[in-house]
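Here is how the chains run, residue by residue.
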Amino acid sequence: SQQGEEDPQALSIQEGENATMNCSYKTSINNLQWYRQNSGRGLVHLILIRSNEREKHSGRLRVTLDTSKKSSSLLITASRAADTASYFCATDRIGAGNMLTFGGGTRLMVKP
Amino acid sequence: EPEVTQTPSHQVTQMGQEVILRCVPISNHLYFYWYRQILGQKVEFLVSFYNNEISEKSEIFDDQFSVERPDGSNFTLKIRSTKLEDSAMYFCASSERQGWRDRYGYTFGSGTRLTVV
């Protein structure tokens, strides 16, 4: 798979349920970031986890990072209809300068 | 909260025409970027800009593209002769010093949807 691949590609859940999205990458990273995009809109930075961190929380978001498996997960707890969006992981790769490499994203639909 | 502002939000242009996409990064940020997202595809890096020069660019950023910081606030992306395949959402982003970026990431604008007809 390519750098920054999310799975699943699409996820549909009921309001109140938890949503888990996964991201895998191939090369060593400085950090991994998660972004949200509402349909056709801009990218909103959600959370950044550094390569020496294993878990990070922000409100209803929980991100884990396993550098040995080159994978990360984003958990949204107690989801709301307003969480409906696409979620992208992006890696800040070692040796890649200042660029982010984005994955293909997970389209999350939260049904009221 | 400070924002990255992009104008216009939507631009339609004829193939072969030049377009300039404009961005106003956050005022105390030092690093500026352009990314693009073709409909239904991944967000792709185009170029990064620091200290008034290009620091990195991708294969996509060919001679048709150029960037400029004409004054202290604007950051522009010019496409000299647009092609149909340039149709995409173009995102500007900015970040503060390196240490900040490593801790807090980037701030993206809401994008300019470019449609080449």
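None of the values given here were measured: they were computed from a predicted structure.

Visitor: Is there a simple way to explain the sheet that holds strand β7 (residues 61-66) of chain A in this structure?
Guide: Backbone hydrogen bonds hold the strands of a sheet together, and the pairing may be parallel or antiparallel. Residue and element names in this part refer to chain A. Overall, antiparallel pairing links the five strands, which are arranged β1-β3-β8-β7-β6 in an open sheet. Strand pairing shows two members of the sheet lacking a second neighbour, β1 (5-7) and β6 (55-58), which therefore form its edges. Along the sheet, successive strands turn relative to each other by an average axial angle of 20°, direction set aside.

Visitor: Help me understand the environment of Asn74(B), please; the structure alone is not making it clear to me.
Guide: All names here are of chain B. Among the structural elements, Asn74 can be located in the loop between β7 (65-68) and β8 (75-79). Under the relative-accessibility criterion, Asn74 is labelled partly exposed at 22%. Taking the C-alpha atoms as reference, Asn74 lies 10 Å from Val4; in sequence the two are 70 residues apart. If sequence neighbours within four positions are ignored, Asn74 has contacts with Cys23, Val24, Glu68 and Arg69. Of note is the side chain of Asn74, whose polar atom sits 3.5 Å from the side chain of Ser73.

Visitor: When you look at the environment of Asp66(A) in this model, what are you seeing that I'm missing?
Guide: Residues and elements named next belong to chain A. Among the structural elements, Asp66 can be located in strand β7. A relative accessible area of 26% places Asp66 in the partly exposed class. Taking the C-alpha atoms as reference, Asp66 lies 8.6 Å from Ser51; in sequence the two are 15 residues apart. What Asp66 contacts, discounting residues up to four positions off in sequence, is Tyr25 and Ser71. There is a polar contact of 2.5 Å between the side chain of Asp66 and the side chain of Ser68.

Visitor: When you look at the pattern of salt bridges in this model, what are you seeing that I'm missing?
Guide: Opposite charge on two side chains permits them to pair, given that their charged atoms come into close proximity. All names here are of chain A. On inspection of all chains with the given rule, the structure shows four salt bridges over all chains. Glu53 is the salt-bridge partner of Lys56, the closest N and O atoms lying 3.9 Å from each other. The exposure class of Glu53 is partly exposed, given its relative accessible area of 24%. Of the charged contacts, one joins Asp83 and Arg60 as a salt bridge, the two residues approaching to 2.9 Å between their closest N and O atoms. Here Asp83, found in the loop between β8 (71-76) and β9 (85-93), pairs with Arg60, found in the loop between β6 and β7; they are 23 residues apart in sequence, far enough to count as distant. The exposure class assigned to Arg60 is partly exposed, which follows from its relative accessible area of 23%.

Visitor: How should the nonpolar core be read in this particular structure?
Guide: The tendency in soluble globular proteins is for nonpolar side chains to be buried side by side. With 22 residues, the main nonpolar core has Trp34(B), Leu46(B), Phe61(B), Val67(B), Phe75(B), Leu77(B) and Tyr90(B) as its most contacted residues. Of all elements in the fold, only β3 (19-24), β4 (31-37), β5 (43-50), β7, β8, β9 (88-95) and β11 (112-116) of chain B reach the threshold of two or more residues within this core. If near-sequence neighbours (up to four positions away) are discounted, Leu46(B) is found in contact with Trp34(B), Tyr35(B), Arg36(B), Glu56(B), Lys57(B), Ser58(B), Ile60(B), Phe61(B), Leu77(B) and Tyr90(B). Ile13(A), Tyr25(A), Ile47(A) and Ala85(A) belong to the second-largest nonpolar core, a separate cluster that totals 20 residues.

Visitor: Mind showing me how you'd approach the interface of chain A and chain B here?
Guide: Accessible area lost upon the coming together of the parts serves often as the stated size of an interface. Every contact between the two is made by 25 residues of chain A and, on the other side, 22 residues of chain B. Overall, the association of chain A and chain B removes approximately 1,800 Å² of surface from exposure, summing both partners, and the carbon and sulfur fraction of that is 51%. Together, Leu43(A), Asn98(A) and Phe102(A) form the three largest contributors to the area buried by chain A at its contact with chain B, with a combined 34%. There are zero salt bridges connecting chain A and chain B. Those elements that provide at least two residues to the side of chain A that touches chain B are β4 (29-37), β5 (43-50), β9 and β10 (100-102) of chain A. Looking at the side of chain A that touches chain B, its residues break down into eight nonpolar, 13 polar and four charged.

Visitor: Honestly, the side chain of Ser79(A) in this entry has me stumped. Any pointers?
Guide: All names here are of chain A. Within the secondary structure layout, Ser79 lies in the loop between β8 and β9. Judged by its relative accessible area of 2%, Ser79 falls in the buried class. A polar atom in the side chain of Ser79 sits 3.4 Å from the backbone oxygen of Gln14. Excluding its chain neighbours within four sequence positions, the residues that come into contact with Ser79 are Ile13, Gln14, Glu15, Gly16, Glu17, Arg60 and Val110.

Visitor: Teacher, can you tell me more about the sheet that holds strand β1 (residues 5-7) of chain B here?
Guide: Residues and elements named next belong to chain B. Judged by pairing direction, the sheet is antiparallel, and its four strands sit side by side in the order β1-β3-β8-β7 without closing on themselves. Bordering the open sheet on either side are β1 and β7, each of which pairs with just one other strand. Strand-to-strand, the axes of this sheet are offset by a mean angle of 20°, without reference to chain direction. For β1 and β3, the ladder comprises three bridges, and the chain directions are antiparallel. Looking at the pairing, Thr5 lines up with Val24 of β3.

Cut-off values and rules
Residues numbered from 1 in each chain as written. Chains lettered and ligands numbered in written order. Predicted model: local features only at pLDDT ≥ 70, side-chain atom pairs only at ≥ 80, totals over all residues. Heavy atoms only, no water. Pairing = 2+ DSSP bridges. Helix = DSSP H or I, 4+ residues; strand = E, 2+ residues; numbered from the N terminus. Axes fitted to C-alpha atoms, helices over the stretch in contact; angles between N-to-C directions. Buried < 20%, exposed > 50% of the residue type's maximum accessible area, 1.4 Å probe, protein only. Contact = heavy atoms within 4.5 Å. Polar contact = N/O pair within 3.5 Å; in protein donor to acceptor, adjacent residues only side chain to side chain. Salt bridge = Lys/Arg side-chain N within 4 Å of Asp/Glu carboxyl O. Core = buried A, V, L, I, M, F, W, Y, C linked by side-chain atoms within 4.5 Å. Buried area = accessible area lost by both parts, 1.4 Å probe. Nonpolar A, V, L, I, M, F, W, Y, C, P; charged D, E, K, R; others polar.

Any functional reading would require information that these geometric values do not contain.
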